[in-house]
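In case you want the letters, here they are:
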Amino acid sequence: MLAHCPYPFISVIYYRNSPWLIFDSLVGGGVVSNVAPDAMAVNPAFRGMLSDITIALSWNVTTATPQEVLSVEQTVTEWADGIRAVTKSPGAYVNEAEILVPKFQDAYWGSNYPRLRAIKQKIDPKDLLIVRQGVNSEGWDDEIMCKTT
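Residues numbered from 1 in each chain as written. Predicted model: local features only at pLDDT ≥ 70, side-chain atom pairs only at ≥ 80, totals over all residues. Heavy atoms only, no water.

Looking up the protein in an unreviewed UniProt entry gives the name Berberine/berberine-like domain-containing protein, with the organism given as Panaeolus cyanescens.

Written out as structure tokens, the structure is:
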């Protein structure tokens, strides 16, 4: 159920009888669409986007069971998959990285990823600077502790 909110960029959704927020901010398109798609690392989808949506669900960190946490993660994934299914060029904002994003390379950097990966491999061939879902991290485990390739 969608509730009225006094701020036009915030929707309050009632899920399991609790309020959850979806933030919608217009941060793309317009003048930024005049920049060449490969001029920056950001996903080229941001050049012509209409909106950036953040789904914010949570759980009680002191009492939640692993099943409750998994349920919230599944709900976020389902909602995000629904949004991705109806968008022309789904992407994700790397400064708001989220571990549930599928195909993070395409989501964060789009067609820029191969160029960024080549630069990263040249500058940092031993992966001294590595983060989960960062450029060239696909050869590491999820904890970024061990190389897998």
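Visitor: Got a sec to walk through unusual backbone geometry? Specific residues and values, please.
Guide: Most peptide bonds are trans, and most residues other than glycine sit at a negative phi. In this model, Gln 133 sits at a positive phi of 60°, which is unusual for a non-glycine residue. For Gln 133, the position within the fold is in the segment after helix H3 (113-123). Non-glycine residue Asn 136 carries a positive phi angle of around 75°. For Asn 136, the position within the fold is in the segment after H3. (Helix = DSSP H or I, 4+ residues; strand = E, 2+ residues; numbered from the N terminus.)

Visitor: I'd like a rundown of the pattern of salt bridges, residues and numbers included.
Guide: For the structure shown, the criterion picks out six salt bridges. In this structure, Lys 120 and Asp 127 form a salt bridge, with 3.1 Å as the shortest nitrogen-oxygen distance. Judged on exposure class, the residue Lys 120 and its partner Asp 127 are both buried. Residues participating in the shared-partner salt-bridge network are Lys 120, Asp 124, Asp 127 and Lys 147. (Salt bridge = Lys/Arg side-chain N within 4 Å of Asp/Glu carboxyl O. Buried < 20%, exposed > 50% of the residue type's maximum accessible area, 1.4 Å probe, protein only.)

Visitor: How would you summarise the confidence of the model for the protein if you had to cite specific residues and measurements?
Guide: Looking at the protein, pLDDT values average 78 and 79% of them are 70 or higher. Of the regions scoring below 50 in pLDDT, residues 1-12 engages in 22 contacts with residues more than four places distant in sequence or in other chains. (pLDDT = per-residue confidence, 0-100. Contact = heavy atoms within 4.5 Å.)

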